[in-house]
Every structure is written in structure tokens, then in C-alpha cells.
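Structure assessment
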Amino acid sequence: MARYTRAMRRSLWLLAALLTLLVPSAAAAQICVPELRAALTDLSTDRPATGIDAAVLLQRAVDLVEPALPALVAVHGGLPVPESSPYYGVVRYLAERRLLPASWRPGTIDAATWTKMLDDFQAWYKLKPMPLHDPARVSDLLVDTADVLERVSGAIRPAALLASDPADPNRIAFWAIIWNWTVYPRLIVLHPRDDVTLAGGPQAVLPRMGDCAVHISSYVMAPEKDAAQLFLATNQSRMYVVGSVPDGAEPWPKIVPSGQELATFAFATPMVQDLKGFAAVFDGPDVGFRTVLGLLPKLRTNMSPTRFLAYMKTP
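A brief structural summary. Computed from a prediction, not measured in an experiment: that's the story for all the values here.

As a further point, take the state of the cysteines. Cysteine pairs can be covalently joined through their sulfur atoms, and such a bond is termed a disulfide. Summed over the entire model, instances satisfying the criterion amount to one disulfide. Note that Cys32 is cross-linked by a disulfide to Cys212, the S-S spacing being 2.1 Å. On the sign convention where negative means left-handed, the S-S torsion of about 115 degrees between Cys32 and Cys212 marks this disulfide as right-handed. In this pair, Cys32 sits in the loop between helix H1 (2–28) and helix H2 (33–38) while Cys212 sits in the loop between helix H7 (202–205) and strand S4 (218–223), placing the two residues 180 residues apart along the sequence. For the pair Cys32 and Cys212, one class covers both residues: buried.

Our focus in this paragraph is the packing of aromatic side chains. Under the criterion given, the structure shown has seven aromatic pairs. One aromatic cluster is present, built from ring pairs that chain together Phe174, Phe231, Phe265 and Phe282. Above the face of the Tyr93 ring, Arg97 is positioned so that its terminal group lies 3.8 Å from the ring centre. Above the face of the Trp181 ring, Arg157 is positioned so that its terminal group lies 4.2 Å from the ring centre.

Right, let's get into the packing of helix H3 (residues 51–65) against helix H4 (residues 88–96). One way to put it is that H3 packs onto H4 with a least axis distance of 9 Å and a crossing angle of 60 degrees. Looking at the two axes, H3 sits oblique to H4. Where H3 crosses over H4, the two elements pack in a sense that is left-handed. Of H4, the residues touching H3 (which contributes Ala55, Val56, Leu58, Gln59, Val62 and Asp63) are Val90, Tyr93 and Leu94. Residues that form the contact of H3 with H4 fall into these classes: seven nonpolar, one polar and one charged.

Let us now look at the nonpolar core. Ranked by internal contacts, the top residues of the largest apolar core, which has 64 residues, are Leu36, Val65, Trp104, Phe121, Leu149 and Met209. Looking at this core, the elements that each hand over two or more residues are H3, H4, helix H5 (111–123), helix H6 (138–155), strand S1 (159–165), strand S2 (168–179), strand S3 (186–190) and S4. In terms of residue count, the dominant contributor to this core is H3 (10 residues). Those residues within four positions of Phe121 in sequence are excluded, and the remaining contacts are Leu58, Ala61, Val62, Val65, Leu99, Val148 and Val152.

What counts and what doesn't
- Residues numbered from 1 in each chain as written.
- Predicted model: local features only at pLDDT ≥ 70, side-chain atom pairs only at ≥ 80, totals over all residues.
- Heavy atoms only, no water.
- Disulfide = S-S within 2.5 Å.
- Helix = DSSP H or I, 4+ residues; strand = E, 2+ residues; numbered from the N terminus.
- Buried < 20%, exposed > 50% of the residue type's maximum accessible area, 1.4 Å probe, protein only.
- Phe/Tyr/Trp six-rings, centres within 6.5 Å; stacked < 30°, edge-to-face > 60°.
- Lys NZ or Arg CZ within 6 Å of the ring centre and 35° of its normal.
- Axes fitted to C-alpha atoms, helices over the stretch in contact; angles between N-to-C directions.
- Parallel < 35°, antiparallel > 145°, perpendicular 65-115°, else oblique.
- Left-handed = near helix turned anticlockwise from the far one by under 90°.
- Contact = heavy atoms within 4.5 Å.
- Nonpolar A, V, L, I, M, F, W, Y, C, P; charged D, E, K, R; others polar.
- Core = buried A, V, L, I, M, F, W, Y, C linked by side-chain atoms within 4.5 Å.

In C-alpha cells, the structure reads:
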């Protein structure tokens, strides 16, 4: 009886181990489902899918993984929904980012159009197309979007930039995400939060910078002026705000007046003070290896100099 019990226990242990291997992989492909579903006006997912549903879900997925993403092309009318439509902003958002195929229609969504939308999104990250559902129901769109977003989440390579206040090393003067390996290389600057400090070290801050699709593990931390110098290395460097959260808050891009860069990083200028976040780019010489070496004694990072330099370069 004892041998039989041990055998039974071993079988149950093996079965549990198999379930442990299977369940996380299935769950991992369903990231951000609550966030995606919440974007829908009608939360029922068992109804017939429409082009509007597809557009809303894809726009939300892009917004989760690419905050403050600027438009890639200018759109001047000609969209398949009128400006009076409550979904005009969503449709325009996708069109400006080359994610709205010519075959898209608001009332219906076919497999070829849906595949084109998600394939173009994945192509930003050099991901190969994956099998998708025939989008008969909203639930099909939701599953596909979550699956694609899980793949994209694994492909992005964000790094945190944490700038401390020289007067109080525990206070964050500004914080941002170095986002160079993407369809639009940029620095994503986040609005300061009083409830987030550096007292617990950078590892305690990183989870507060991402969301269900963006998980940050690499970081560089430095005093405010040294952190800014990574992007404003010379007097020839100019800073531009090119996108924002919320999207469309201003007709971007706008140049930041010389001398106001640090204040802009801290959301202390009229241009950005009411935003939740913004994207910035810099016109000037790229940071070089000598600059990195010169700043290394002032930086705290979990990246090697070579890896950090790769993050700072625009592909």
C-alpha cells in the first residue's frame, strides 16, 4: 500500500508539473485583456465584430506599448468615417501610423483586413506574422490583439532614465524611458509623481514606469544635469516635443526654447505642464563613447558601457 501511495503521489506531482508548464504559457498570451476590453464601448464580446471594434482594440494596443507615439504620416481628410463620428479620433490615429488598410470599413471586418492591421503592427518590431482568428466575434479580435501584444511586449527594449534632484538624492527631478529601438526613436518623459521616490533604489521605481505591456528592467540613474547631458551633450543640441499623452493635445512638433530643457523635463513649462507624458527628440550630435566614459563615474546603471551605448544609439 505504501508503494502504491508513493506511485500515486509521483503521478500527481508529474501531472501538476505539466499543468504548471502549460497554464502560464496560455496565460502569458493574454496580457492586457482588461485594459483592451475596457476600450470597447460595448463590453459584450460575443457579438459580431465590426471594423470599429478592430480599430479600437488595435489603437489601444499601440497606445499601451508605444505611449506618446507621434504620427508617422500626415492625414488630410479622406477617412472612411466622418469627423462627427465618436470614433474619428481612433480611425485617424491608426491612419497616421499606417495601420489602417484601404480595405477597412467601420461596419464590418474581414480576415484579410484584420490580418493586415496586426501584421503591419508586428512589422514595426520585425516580428513574423502569426496565425489569427477569422474575426467573426469581438472575442476573436480580443484574443488576437492580446496575443500580438504579448509578442510585441517581448520584443521591445525600453530602458529607464532616472534623474535625481541634486538637493535631495531621493527625489526624482525627472524620469523617462529611453525608447530608441522602435518605429519612432524617442525619449518618453513621464509626469513626476510625489508618491514615487528613489529612497528604495531604482529597482523599486521601475515597475511604476510601465504598464501591462511595458516591463522595464534596464536603467541608468544620474543627477539631473548629468542625465540631461546624455541628450543635450553640446550647445548644438536642440530639444523637440513631438508627441504627448493625451494624444493630439498640441500640434506637435514644437521646439523647446534654449535654456528651458530642464524645466520642460520637469513639466514646469506651459508647453507640457498639463500633460501626463510627452515624447522628445534631439537634434544634434549623438552621445559618443567618450561622453559615456566621461559620465560613467556619475552614472549608476545595470548595463555595461557597450550595452548602454547601444541603447543610446538610434538604429
